[in-house]
Amino acid sequence: MEHSLDTLEAILARHASALAEDFTPYRNHACRVVHVCAALAERELCDETLEKMQIAVAFHDLGIWTDRTFDYIAPSMQRAREYLYANKRVAWVPEIDAMILEHHKLRKYSAQPGWLVEAFRRADWVDVTYGARSFGLPRSLVRDLFRRYPDHGFHRRLVQLSVQRASQHPLSPLPMMRY
């Protein structure tokens, strides 16, 4: 189940200063999500599919740090688009936009069944819930990924950011959630 994560590593390295002390926790979260997404994807895992996963996961929450906001979906999408345009992957923009936009959707994504959006959405939920929402994956897979890519405080940081956002914006505590 080991996949090359060169694209992910390169993107995150470019944003290491913005991520600061959260670099390793975010990197490990991203690595876990790619592996879970690959396990959940109902398609052949060609290089293009794995690259799309890595790009989406690199940018999906990045706006928290690069734009210093917990309302981070739009900034994360914009940074992903800039990357895709710069790397001549313009045709991937709609799918990666949807992956980022819908990754906190509470219900199943079904608008484009051939895209990776639903696998990506589920993969992020698997990681954020420590595998409590497993979508049929073996719990041993989640445990192994957390062993290989330790949390290093990522989930604690999400709780801190959520509490901070709720205290500052009680009427919009979780703006990234979609229904």
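Structure: above.
In short, a report on the structure. Every chain begins its residue count from 1, and numbering advances along the sequence as written. Owing to the predicted nature of the model, reporting of local features is limited to residues with pLDDT of at least 70; listing and counting of side-chain atom pairs is limited to 80 or more, with chain, interface and lining totals taken over all residues. Side-chain calculation: all heavy atoms of the structure are included, whereas hydrogens and water are not.

Focus: the nonpolar core
Consideration 1: Counting 54 residues, the largest nonpolar core has Leu 8, Ile 55, Phe 59 and Ile 96 as its most contacted members.
Consideration 2: Here, residues are in contact when the closest pair of their heavy atoms is within 4.5 Å. Those residues within four positions of Leu 8 in sequence are excluded, and the remaining contacts are Ala 30, Cys 31, Val 34, Gln 54, Val 57 and Ala 58. Definition of nonpolar core: a set of buried residues of the types Ala, Val, Leu, Ile, Met, Phe, Trp, Tyr and Cys, connected through side-chain atoms within 4.5 Å. Note on classification: 1.4 Å probe, protein chains only; a residue is buried when its accessible area is under 20% of the maximum for its type, exposed when over 50%, partly exposed between these limits.

Describing empty space enclosed by the protein
Consideration 1: Definitions used throughout: a 1 Å grid over protein atoms alone; a cavity as a set of points that fits a 1.4 Å probe which cannot get out; a pocket as an open set with protein on both sides within 12 Å along at least five of seven lines; a lining residue as one with an atom within 4 Å of a point. Grid points are joined across faces, edges and corners, and a volume is the space filled by probe spheres set on the points. Taken as a whole, this structure holds 1 cavity of 30 Å³ or more when the rule is applied.
Consideration 2: Computed from the structure, the largest cavity encloses a volume of approximately 30 Å³.
Consideration 3: In this structure, the largest cavity is lined by Arg 32, Val 36, Val 126, Asp 127, Val 142, Leu 145 and Phe 146.
Consideration 4: We count a stretch as a helix when DSSP gives it H or I for four or more residues in a row; a strand needs E for two or more, and each element gets its number in order from the N terminus. At the level of secondary structure, the elements contributing two or more residues to the lining of the largest cavity comprise helix H3 (23-40), helix H8 (117-128) and helix H9 (139-148).
Consideration 5: When residues in the lining of the largest cavity are grouped by element, the largest group, 3 residues, is from H9.
Consideration 6: Lys, Arg, Asp and Glu make up the charged group, whereas Ala, Val, Leu, Ile, Met, Phe, Trp, Tyr, Cys and Pro make up the nonpolar group; the residues left over, Gly among them, are polar. Looking at the lining of the largest cavity, its residues break down into 5 nonpolar, no polar and 2 charged.

Notes on the environment of Ile 100
Consideration 1: Its place among the elements puts Ile 100 in helix H7 (residues 93-101).
Consideration 2: With a relative accessible area of 0%, Ile 100 lands in the buried category.
Consideration 3: For the pair Ile 100 and His 60, spaced 40 residues apart in the sequence, the C-alpha separation amounts to 5.0 Å.
Consideration 4: Apart from residues no more than four positions distant in its own chain, Ile 100 is found in contact with Ala 56, Phe 59, His 60, Ile 73, Ser 76, Met 77 and Ala 80.

Concerning the layout of surface pockets
Consideration 1: Roughly 330 Å³ of internal volume is contained in the largest pocket.
Consideration 2: As for the largest pocket, its lining consists of 14 residues, of which Glu 42, Pro 113, Trp 115, Glu 118 and Ala 119 are closest to the centre.
Consideration 3: A per-element tally of the lining of the largest pocket places H8 first, with 3 residues.
Consideration 4: Taken together, the residues of the lining of the largest pocket sort by class into 7 nonpolar, 2 polar and 5 charged.

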